[in-house]
Number of protein chains: 2
Amino acid sequence: MEPNRDPKAKRTGGTPLREACLQKALEAIRDKGVEGLSLRDVARRLNVSHQAPYKHFASKDHLLAEVIRRCLRDFATHLRRSGDADDGTHQPPLDAMRALGSAYLGYAAANPLEYRLMFMTTWPNEARGFGLASDSRAAFDVLGERLQAVRPYDSSAERDRDAMFVWSAIHGIASVLQSEAMHYLSFSPSEAEAAVAHARSMIDRAIARVSDRQEDDQ
Amino acid sequence: MEPNRDPKAKRTGGTPLREACLQKALEAIRDKGVEGLSLRDVARRLNVSHQAPYKHFASKDHLLAEVIRRCLRDFATHLRRSGDADDGTHQPPLDAMRALGSAYLGYAAANPLEYRLMFMTTWPNEARGFGLASDSRAAFDVLGERLQAVRPYDSSAERDRDAMFVWSAIHGIASVLQSEAMHYLSFSPSEAEAAVAHARSMIDRAIARVSDRQEDDQ
DNA sequence: ATGCTCTAGTTGACACTGTCTACCAGTTCA
DNA sequence: TGAACTGGTAGACAGTGTCAACTAGAGCAT
């Protein structure tokens, strides 16, 4: 039972068609939006019968959940990479913290589609208990590590509280930018840029206060 | 052309069936989610032919846009009401500001469905140029007024910058709560509550700094 | 070799969707 | 009276997710 899969396929991370489905699904979403995603369309793009994808995904939502998972992992490694300078050395903690914020907003700006999928889409029910939670946790943990470097926390709960504030504040900015709210609220591009810079400086000051707290402790 | 509509219907805000559609649509979304919304289902709930709603909405997306607009208006008045104390008198500016934050989070907590519709759903294309922008602006303006009371700004641009920070920070919190991220990140309920309180106190301090800035100026 | 079983495809059907067209009963009004 | 418009109906069409049945081929035990 369960004969060995093609090892060549395994090296690239899965069955060829399965991978192709995930890729074309992302393309399809890019073209017609999440709600416009259709399994049959994906199949059509691959010149394959409308039922072929079902051999690799139990349902449309399972496919979507997998797409989101990939995004989360990509996002997490993107965040983690931001800590290192180009030459591979590490930056001072506060700089690394700022870099993380930039990486977050930069990813959201460069990959709006993926960002929306991860954080502004109601995850399909299949996401629950399907491992998506741990993948999003991985991204959050990067933030926790950086904060820990800024100021060694006594308890992880205390650190997570700070992390959650930074996370939600940055997410708020990214989310407002994503939603075109700036446009709806008739901010000009330069005003929008100024508003983002302003908000970031507010967060920076909050983090600086956290860092000061550490020095006070010592 | 355009004969007078039934004045009785006008008093209640529109054609009966039109209003009923909007109400049942919200129910349907509550039952099966936004993506599960179906015009035919709405019609079925009203014991009416599957084409009847088309006499009042050009398309499913037009209906959805109208539902969202109602939510935005309801939300804006909810925010605005939060300024007044029970006896109708006005609170001091900083208290009114805090009350606004509570009202925002309170609405999101009490009406998660509506909140998601307004701020975590990709608005249908019909929303553009359909007036939705001005409705969301109305909600944002409440925040601007409160800030103005805390500290008279020289320029509206400067005030809007502060407003955008508070807005995005509060939205970040609400949005994180909505997305069940707390659960995914395995925060216990009490930890989550503490995290929210922590984040709000960070915002409060930022606003207090704004208020101090005013006193420095004088 | 001969089957057996499992995999990854196929085609066909079903119920359901949004939306187009055509039809019809009233009401308003010239 | 009759034309125009309003708010409703029924039917058809293409497109969807998904179930069921089928098939070509690979791997393996006998």
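The shown structure was predicted, so the numbers you read here are calculated from the model rather than taken from an experiment.

## Some points on the overall build of chain A
Across its full length, chain A holds ten helices and zero strands. Listing each helix as α and each strand as β along chain A from the N terminus yields α-α-α-α-α-α-α-α-α-α. Taking all 218 residues of chain A together, 35% fall into the buried category. Sequence separation of 24 or more characterises 66% of the internal contacts of chain A that already satisfy a separation of 6 or more.

## Examining the relation of the copies chain A and chain B
Between chain A and chain B, the superposition needs a rotation of 180° and an axial shift of 0.0 Å, giving an RMSD of 0.1 Å. In the structure described here, the two chain copies are related by an operation that fits a two-fold rotation axis. Within chain A, Gly 172 of chain A has its C-alpha nearest the rotation axis, a separation of 1.9 Å. Here 100% of the contact residues of chain A are again contact residues in chain B; the copies associate through an equivalent surface.

## Comments concerning the protein's contact with DNA strand C
Around DNA strand C, the structure places 20 residues, and the nearest of them are Ser 49, Gln 51 and Ala 52 of chain A together with Ser 38 and Ser 59 of chain B. Its residues assigned to classes, the surface near DNA strand C shows six nonpolar, nine polar and five charged.

## Let's talk about the nonpolar core
For soluble globular proteins, the rule of thumb is that nonpolar side chains tend to be buried together. If you look at the biggest cluster of nonpolar residues, it comprises 112 residues, and the most contacted ones within it are Ile 68 and Val 166 of chain A together with Ile 68 and Val 166 of chain B. If we ignore the near neighbours within four places in the chain, the residues touching Val 166 of chain B are Leu 143, Ile 203 and Ile 207 of chain B.

## Quick look at the interface of chain A and chain B
At the interface, 32 residues of chain A touch 32 residues of chain B. Counting residues per element, the ones that place at least two in the side of chain A that touches chain B are helix H7 (132-150), helix H8 (156-178), helix H9 (181-184) and helix H10 (189-217) of chain A. Per element, the largest residue contribution to the side of chain A that touches chain B is twelve residues, and it comes from H8 of chain A. Here the side of chain A that touches chain B is built from residues that sort into 18 nonpolar, nine polar and five charged.

## Quick look at H8 of chain A
Spanning 23 residues, H8 of chain A covers 31 Å between terminal C-alpha atoms, matching the ideal 33 Å at 1.5 Å per step. Downstream of H8 of chain A by a residue or two, Glu 180 of chain A has a phi angle that is positive, lying close to 60°.

## A closer look at helix H4 (residues 60-81) of chain A
Taking 1.5 Å as the rise per residue, H4 of chain A with 22 residues should run 32 Å; its terminal C-alpha atoms sit 32 Å apart, in good agreement. Taken together, the buried residues of H4 of chain A touch helix H2 (16-32), helix H3 (39-45), helix H5 (93-110), helix H6 (112-119) and H7 of chain A.

## Topic: the confidence of the model for chain A
Regions with low pLDDT carry predicted coordinates that are not meant to be interpreted in detail. Summing up the model confidence of chain A, the mean pLDDT is 88 and the portion of residues at 70 or higher is 90%. Predicted confidence is poor over residues 1-12 of chain A, with pLDDT under 50, and the contacts of this stretch with residues over four places away or in other chains come to five contacts.

## A word on the packing of H5 of chain A against H8 of chain A
All names here are of chain A. Axis separation between H5 and H8 bottoms out at 10 Å; the angle between their running directions is 20°. Taken as axis vectors, H5 and H8 run roughly parallel relative to one another. For the pair H5 and H8, the sense of crossing is right-handed. When H5 is examined against H8, the residues Gly 101, Tyr 104, Leu 105 and Ala 108 are found in contact with a partner set consisting of Ile 170, Ile 173, Ala 174, Leu 177 and Gln 178. Its residues assigned to classes, the contact of H5 with H8 comprises seven nonpolar, two polar and no charged.

## Here we look at the packing of helix H4 (residues 60-81) of chain B against helix H5 (residues 93-110) of chain B
Residues and elements named next belong to chain B. Where H4 contacts H5, the two axes come as close as 8 Å, and the packing angle between them is 145°. You can see that H4 and H5 cross each other, and the crossing is right-handed. Mapping the contact onto sequence places Phe 75, His 78 and Leu 79 in H4 and Leu 100, Ala 103, Tyr 104 and Tyr 107 in H5. Taken together, the residues of the contact of H4 with H5 break down into six nonpolar, one polar and no charged.

The rules behind the values
- Residues numbered from 1 in each chain as written.
- Chains lettered and ligands numbered in written order.
- Predicted model: local features only at pLDDT ≥ 70, side-chain atom pairs only at ≥ 80, totals over all residues.
- Helix = DSSP H or I, 4+ residues; strand = E, 2+ residues; numbered from the N terminus.
- Buried ≥ 20, exposed ≤ 12 C-beta atoms within 10 Å, placed from the backbone.
- Contact = placed C-beta atoms within 7 Å.
- Least-squares fit on C-alpha atoms with pLDDT ≥ 70 in both.
- Near = placed C-beta within 6 Å.
- Nonpolar A, V, L, I, M, F, W, Y, C, P; charged D, E, K, R; others polar.
- Core = buried A, V, L, I, M, F, W, Y, C linked by C-beta atoms within 7 Å.
- Expected span 1.5 Å × (residues − 1).
- pLDDT = per-residue confidence, 0-100.
- Axes fitted to C-alpha atoms, helices over the stretch in contact; angles between N-to-C directions.
- Parallel < 35°, antiparallel > 145°, perpendicular 65-115°, else oblique.
- Left-handed = near helix turned anticlockwise from the far one by under 90°.

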